[in-house]
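# Structural features, examined
The chain contents come next:
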Amino acid sequence: MYYMREILNISLPKEMAEGIRNLAKAEDFSVSELVRAAIRLYKTERLNRIAEGAMKEHREGKTIEIKSFKDLRKYR
């Protein structure tokens with residue numbers, strides 16, 4: 001499958017840019033692959049934090065149970 005690509009230029013401190021290049025080389029990634037993997041990991045962790053927050057609210061009784069569309073209409 002072909003994905004359209006867009007080039008982004010970012011500004012990093014010299015030490016950070018060097019660290020990213022070294023890490024990419026050590027992991028046998030290109031810098032682009034490493035950045036994409038880091039973004040995917042960030043998004044996954046963010047979704048996990050959101051889910052954990054929702055589960056906490058549910059445990060604390062701050063949610064409602066909806067069993068039908070009729071119930072859902074009450075809360076619109």
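Rules and cut-offs
- Residues numbered from 1 in each chain as written.
- Predicted model: local features only at pLDDT ≥ 70, side-chain atom pairs only at ≥ 80, totals over all residues.
- Heavy atoms only, no water.
- Patch = residues over 30% accessible without salt bridge, like charges linked within 9 Å, V, L, I, M, F, W, Y side chains within 5 Å.
- Areas by Shrake-Rupley, 256 points an atom, 1.4 Å probe, with all protein chains shown as cover.
- Salt bridge = Lys/Arg side-chain N within 4 Å of Asp/Glu carboxyl O.
- Helix = DSSP H or I, 4+ residues; strand = E, 2+ residues; numbered from the N terminus.
- Buried < 20%, exposed > 50% of the residue type's maximum accessible area, 1.4 Å probe, protein only.
- pLDDT = per-residue confidence, 0-100.

### A word on a nonpolar patch on the surface
- A cluster of nonpolar residues, Ile 64, Ile 66, Phe 69, Leu 72 and Tyr 75, forms a patch on the protein surface that exposes about 530 Å² of accessible area.
- On the secondary structure map, Phe 69 appears in helix H3 (residues 69–74).
- According to the relative accessible area criterion, Phe 69 is exposed, its value standing at 64%.

### Considerations on the confidence of the model for the chain
- Of all residues in the chain, 99% attain a pLDDT of 70 or more, and the chain-wide mean is 92.
- Looking across the chain, the model is least confident in H3, with a mean pLDDT of 84, and most confident in helix H1 (residues 14–26), with 97.

### So, the pattern of salt bridges
- Evaluation of the coordinates by the stated rule reveals three salt bridges.
- The partner of Lys 56 in a salt bridge is Glu 60, with the nearest N and O atoms 3.6 Å apart.
- Relative accessible area serves as the criterion here: at 45%, Lys 56 is assigned to the partly exposed category.
- Taking relative accessible area as the criterion, Glu 60 reaches 40% and is therefore assigned partly exposed.
- In this structure, Lys 62 and Glu 60 form a salt bridge, with 3.0 Å as the shortest nitrogen-oxygen distance.
- By relative accessible area, which is 58% here, Lys 62 ends up exposed.

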